[in-house]
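Inside the fold
Below are the chains, spelled out letter by letter.
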Amino acid sequence: MKNILIISTTGMGDLLWGTPAIRAVSKALPEVSIDLLLQPRWNDFFSENPYVRQLIPYHSKWYRQLLGLPKLLQFKYDHVLIFHANKNIGRILPWLRTSFVWSHQNTNILPGLSENQIIQINKPVHGILRRIAMLEKIKVPEDGTHMDIFLNENDKAEALLFIKNNKMAPKEFIYMNIGGSSFQKQWPVDKFVSLSKLILKNTSMSIMLGGGPEATDRVSLIEKEIGLKRVTRATHLSLKKSCSLISQARILISPDSGPMHIGFALKVPTIALFWSSDSTGTISRNPLNGPDYCGPLNIDESLNAVLYGNFFNGTKKEDNPENSFLKPILVSEVWEKILYFMKI
């Protein structure tokens, strides 16, 4: 065996869930080269990963998928492992120079595959374990479930300089991910404001307000309410720099599971807020996408806390009976977790 292609073309968490399996393959088969097909926006996660030979860009539009074909055709792959993809990957699969393509997803999601190419997992399990289960096809044992993000010394130095320039100190600030890749994942601004005021009043901690471009307006609203003393904005930075800053945080708070996985991978105490109903109270989360199967896996209690509840405001039980069994995530609950982590 010489070459393996791993396909992971969806979200941030889906991609990071594959890193334990990638590590296991590299350690068990050091002579084998591993290529990774992924969305270019996630390249920073793997730019320093020693287990991957090359990153191949994936785009969902057919005319942009052509950009990755020269690299995909460069090698003949002994095995192709589809860790996570959607039906658009079907346009690429026929081009691959390989005899074996494997997936854990159903053929209704990946219609180009046959049933004998699907690794059958007959009960709900965590996403990391689904990818590890695929390794049986190439006779590779697992190597734990911890996710990997590698930072080089330059990355760390740039983060420390950013922290110093903003009059902060390493491990003396709380990183709050204010954004969310969809509105369902956005904890209300007024709750972030109340939590920030508690932190600033009762601790010596500074606050870093992070997130992607979608968080900019929400961060501005928070800054308007709490001021800028001991508060730094970090919404304009690259993914790699954001990871480097999170690695220096005392605590990470995130209502979006993608950044939550960054915290777990970097071994930063992480408070994960899982929405059970969205900000309008009309959309309920599928339990298979909840904390049991998408949250922390074998993460020490000193590094993780999960809160699960509604993300909407102002709804009383009698006004919304279908959601009456789901309580909101309160500021006081998050504050309690912060105090717990600060005592460790």
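Residues numbered from 1 in each chain as written. Predicted model: local features only at pLDDT ≥ 70, side-chain atom pairs only at ≥ 80, totals over all residues. Heavy atoms only, no water.

**Quick look at the overall build of the protein chain**
Counting its secondary structure elements, the protein chain contains 12 helices and 11 strands. Computed over the C-alpha atoms, the radius of gyration of the protein chain is 21 Å, within 12% of the 20 Å expected from 2.2 N^0.38 for a compact globule of 344 residues. Expressed as a percentage of its 344 residues, the buried residues of the protein chain come to 55%. Expressed as a percentage of contacts within the protein chain between residues at least 6 apart in sequence, the contacts between residues at least 24 apart total 67%. In the structure as shown, the protein chain presents an accessible area of about 15900 Å², 53% of it carried by carbon and sulfur atoms. Mean positive and mean negative side-chain charge positions of the protein chain (40 and 30 charges, respectively) differ by 3 Å. (Helix = DSSP H or I, 4+ residues; strand = E, 2+ residues; numbered from the N terminus. Rg over C-alpha atoms; globule rule 2.2 N^0.38 Å. Buried < 20%, exposed > 50% of the residue type's maximum accessible area, 1.4 Å probe, protein only. Contact = heavy atoms within 4.5 Å. Areas by Shrake-Rupley, 256 points an atom, 1.4 Å probe, with all protein chains shown as cover. Lys, Arg positive; Asp, Glu negative; His and termini not counted. Charge placed at Lys NZ, Arg CZ, Asp CG, Glu CD.)

**Examining the pattern of salt bridges**
Counting across every chain of the model gives 8 salt bridges. Taking the shortest distance from any N to any O, the salt bridge between Asp-143 and Arg-23 comes out at 2.8 Å. Of the two residues, Asp-143 is situated in the loop between helix H5 (127-133) and helix H6 (153-165) and Arg-23 in helix H2 (residues 19-28); the sequence distance between them amounts to 120 residues. By relative accessible area, Asp-143 is classed as partly exposed at 29%. Looking at Arg-23, the relative accessible area reads 7%, which means it is buried. Across the salt bridge formed by Glu-333 and Lys-327, the nearest N and O atoms sit 2.8 Å from each other. Taken together, the shared-partner salt bridges connect Arg-23, Lys-27, Asp-143 and Asp-148 into one network. (Salt bridge = Lys/Arg side-chain N within 4 Å of Asp/Glu carboxyl O.)

**Comments concerning the packing of helix H7 (residues 189-202) against helix H12 (residues 331-343)**
Put simply, H7 and H12 touch, their axes get as near as 10 Å, and they point 40° apart. Note on packing geometry: the crossing formed by H7 with H12 is right-handed. Every residue of H12 that contacts H7 at Lys-191, Ser-194, Leu-195, Leu-198, Ile-199 and Asn-202 is listed here: Val-331, Val-334, Trp-335 and Ile-338. Class assignment of the residues belonging to the contact of H7 with H12 gives a composition of 7 nonpolar, 2 polar and 1 charged. (Axes fitted to C-alpha atoms, helices over the stretch in contact; angles between N-to-C directions. Left-handed = near helix turned anticlockwise from the far one by under 90°. Nonpolar A, V, L, I, M, F, W, Y, C, P; charged D, E, K, R; others polar.)

**Focus on the nonpolar core**
Counting residues in hydrophobic clusters, the biggest one holds 60 residues, and the most contacted among them are Phe-45, Phe-46, Leu-81, Ile-149, Met-208, Leu-245 and Ile-262. Of all hydrophobic cores here, the second largest spans 32 residues; its members include Leu-195, Leu-200, Ile-271 and Val-331. (Core = buried A, V, L, I, M, F, W, Y, C linked by side-chain atoms within 4.5 Å.)

**Description of the sheet that holds strand S2 (residues 33-38)**
Taken in spatial order, the 5 strands of this open sheet run S3-S2-S1-S4-S5, and their pairing is parallel. Single-partner strands in this sheet number two, and they are strand S3 (54-57) and strand S5 (101-103). Sheet twist, expressed as the average angle between the axes of neighbouring strands with direction ignored, equals 25°. The strands touched by H2 are strand S1 (3-8), S2 and strand S4 (79-84); relative to S2, the strand with the most contacts, the crossing angle is about 160°. (Pairing = 2+ DSSP bridges.)

**Digging into H2**
Counting buried positions over the 10 residues of H2 gives 8, a clear majority of the element. When H2 is considered as a whole, its buried residues turn out to be Thr-19, Pro-20, Ala-21, Ile-22, Arg-23, Ala-24, Val-25 and Ser-26. Each element contacted by the buried residues of H2 is listed here: S1, helix H1 (12-16), S2, S4 and H5.

**Some details on the environment of Asp-14**
Note on placement: Asp-14 falls in helix H1. Residues contacting Asp-14, with those up to four places away along its chain left out, are Ser-8, His-84 and Arg-131. Looking at Asp-14, its side chain comes within polar contact range of the side chain of Thr-10, at 2.9 Å. (Polar contact = N/O pair within 3.5 Å; in protein donor to acceptor, adjacent residues only side chain to side chain.)

**Concerning unusual backbone geometry**
Positive phi, close to 55°, is recorded for Lys-139, a residue that is not glycine. Looking at the secondary structure, you find Lys-139 in the loop between H5 and H6. Residue class for Lys-139 comes out exposed when judged on its relative accessible area of 73%.

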